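# Inside the fold
The lines below spell out each chain.
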Amino acid sequence: PAVLEEKKKLDKAIKEKARLAYIDPEKAKEAKERGNALFKTGDFPGAIKEYSEAIKRNPEEAAFYSNRAACYTKLAEPALALADADKCIEIDPAFLKGYVRRGNSLLAMRKKKEAEEAFAKAAAIDPNHPEVQQGLQRCRSFYSVKPGQSREERAAEAMKDPEIQDIMNDPIMRSILNQMSTDPTAAQEHMKNRDIAAKIQ
């Protein structure tokens, strides 16, 4: 066992040395440019490959993760986009597009409240940025009534939201909502509770 442990440590050290030796900011920029060109043509898998190469060449550049997140969003892979957006923000908390990518991926995952928080952080950096304004508008219209949509259809649409599913699966919250629907006085009392109000609003 001791020999195996030493071998693992040695292998890890060798891999880390190779990783560090591979870092080259100039080649990272070249890979990014190739990725940008592929993105513009709609070759998102190809762009991901180049952005991944750029990340290997310079893993501390936030923009590379943001660009790859945009590709994953285009390919309807919001979980992967979210992971890259979070890494982007971790590296550079002031990088606006990291929050935009996070917001877009969360909306794709139907997590409206978390998406709003991401776009709000982006707005704190630049409230006039078009992607920030667009993201906030998408959040506002997330459950807007579509023409001709019945009450049942609106309810079914809302139930696709994981946050609403969590609330409806909570016996206490379900009981509170039932009480609020039949007793306006109870509704006012319950809304005084911050935790309950945050879940319902």
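Description of the structure in this document. The model shown is predicted, which means the values in this text are computed figures rather than measured ones.

### Considering the pattern of salt bridges
A side chain of one charge can pair with a side chain of the opposite charge when the charged atoms of the two come close. In the structure shown here, the tally under the stated rule is nine salt bridges. Its salt-bridge partner being Glu50, residue Arg34 comes within 2.9 Å of it at the nearest N-O pair. On the criterion of sequence distance, the pair formed by Arg34 in helix α2 (residues 25–41) and Glu50 in helix α3 (residues 44–57) is long-range, its members being 16 residues apart. A relative accessible area of 39% places Arg34 in the partly exposed class. Given the relative accessible area of 16%, Glu50 is considered buried.

### A look at the environment of Arg140
Position of Arg140 relative to the elements: it lies in helix α8 (residues 130–140). Considering only alpha carbons, one finds Arg140 and Lys112, 28 residues apart in sequence, at a separation of 9.1 Å.

### Side note on helix α5 (residues 78–91)
Under the 1.5 Å per step criterion, the end-to-end length of α5 is 20 Å for 14 residues, consistent within 8% with the ideal 20 Å. Tucked into the core, α5 has its buried residues touching α4 (62–74) and α6 (96–108).

Calculation criteria
Residue positions are given per chain, counting from 1 as you read along its sequence in written order. Side-chain atom pairs in this predicted model are given and counted only at pLDDT of 80 or more, local residue features only at pLDDT of at least 70, and totals for whole chains, interfaces and linings cover all residues. Derived side-chain values reflect all non-hydrogen atoms in the structure, with water molecules and hydrogen atoms excluded from consideration. Any carboxyl oxygen of Asp or Glu that lies within 4 Å of a side-chain nitrogen of Lys or Arg is treated as forming a salt bridge with it. Counting from the N terminus, the helices are DSSP H or I runs at least four residues long and the strands are E runs at least two residues long. Accessibility here uses a 1.4 Å probe with only protein chains present; expressed as a share of the type maximum, an area under 20% marks a residue as buried, one over 50% as exposed, and anything in between as partly exposed. Expected span of a helix: the number of residues minus one, times 1.5 Å. For this analysis, residues touch if any pair of their heavy atoms sits within 4.5 Å.

Read these as geometric descriptors, not functional statements.
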